[in-house]
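Below are the chains, spelled out letter by letter.
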Amino acid sequence: MSLISHITRRIRIMGPMSISEFMREVITDPNHGYYPQAARIGHKGDFITAPELTPVFGEIVAAWGLVHWQKTVKSKNVSFTELGPGRGTLMKDMVETSGIIGPAFFGEAPSLTGNLIEISERFIAEQQKLLCGDEESKVISAEDIFKNPNYLKRKGIFKATFNWFSLIDYLPQPAKPTMFICNEFFDALPVQQFQRTE
């Protein structure tokens, strides 16, 4: 069943859908949604983001983050959580930079964790190759993504631990300090639209 057929059937059965419901379907549907199935990032893709142009963006974010981490958390256990990490380029740049300059902040190499909030099987495979440095990524199915809170955990570059989650709600509790990064993420979320009538 195509996405159009799926949406048409849903409207026939349940009635009109809101803009946010429609956007959620066309963006995140596991079988037909744009991000799980079709999104292409980069020079030959549908769009390009700053991390895909140069590592400088990720390097600056990491350096800024380490300064604030040292002042507030005061721990060498550094954690980044990225929502909608695309190909994983920004996470890679932040972890690499933290691994290189981290000893200047902490007197030793920091213990790095990267949490990726991701639902696209294709992007998960690309992220594993980039972050874990191997060509054979663990195959993750849509069922794994949506049924298992922490559906993938792997060691990667700079001895970092990388965790993949489908929802931010699945991050470990009690919450540990982390830096949240949401580069060009919110502009792709389903939104509520309101109309003032009075």
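All values reported here derive from a predicted model rather than from experimental measurement.

Caption draft 1: Main features of the packing of helix H5 (residues 56-72) against helix H6 (residues 89-106). Viewed as axis vectors pointing N to C, H5 and H6 meet at an angle of 45°, and their least axial separation amounts to 8 Å. Overall, the two elements H5 and H6 adopt an arrangement that is oblique. In terms of crossing hand, the pair formed by H5 and H6 is right-handed. Contacts between H5 and H6 involve Phe57, Gly58, Glu59, Val61, Ala62, Ala63, Leu66, Val67, Trp69 and Gln70 on the former and, on the latter, Leu90, Asp93, Met94, Thr97, Ser98, Ile101, Gly102, Phe105 and Phe106. Residues belonging to the contact of H5 with H6 are distributed by class as follows: twelve nonpolar, five polar and two charged.

Caption draft 2: Just the packing of helix H1 (residues 3-14) against helix H2 (residues 19-28), in detail. Their axes nearest at 11 Å, the elements H1 and H2 cross at an angle of 150°. Taken together, the axes of H1 and H2 lie roughly antiparallel to each other. Between H1 and H2 lies a crossing whose hand is right-handed. Taking contact as the criterion, the partners of Leu3, His6, Ile7 and Arg10 in H1 are, on H2, Glu21, Phe22, Glu25 and Val26. In terms of residue class, the contact of H1 with H2 is made up of four nonpolar, one polar and three charged.

Caption draft 3: Summary view of the side chain of Asn183. Note that Asn183 resides in the segment after strand S5 (179-181). In this view, Asn183 contacts Thr49, Pro51, Phe57 and Leu90; residues no more than four positions away in its chain are not counted.

Here is what the cut-offs are and how they apply
Residues numbered from 1 in each chain as written. Predicted model: local features only at pLDDT ≥ 70, side-chain atom pairs only at ≥ 80, totals over all residues. Heavy atoms only, no water. Axes fitted to C-alpha atoms, helices over the stretch in contact; angles between N-to-C directions. Helix = DSSP H or I, 4+ residues; strand = E, 2+ residues; numbered from the N terminus. Parallel < 35°, antiparallel > 145°, perpendicular 65-115°, else oblique. Left-handed = near helix turned anticlockwise from the far one by under 90°. Contact = heavy atoms within 4.5 Å. Nonpolar A, V, L, I, M, F, W, Y, C, P; charged D, E, K, R; others polar.

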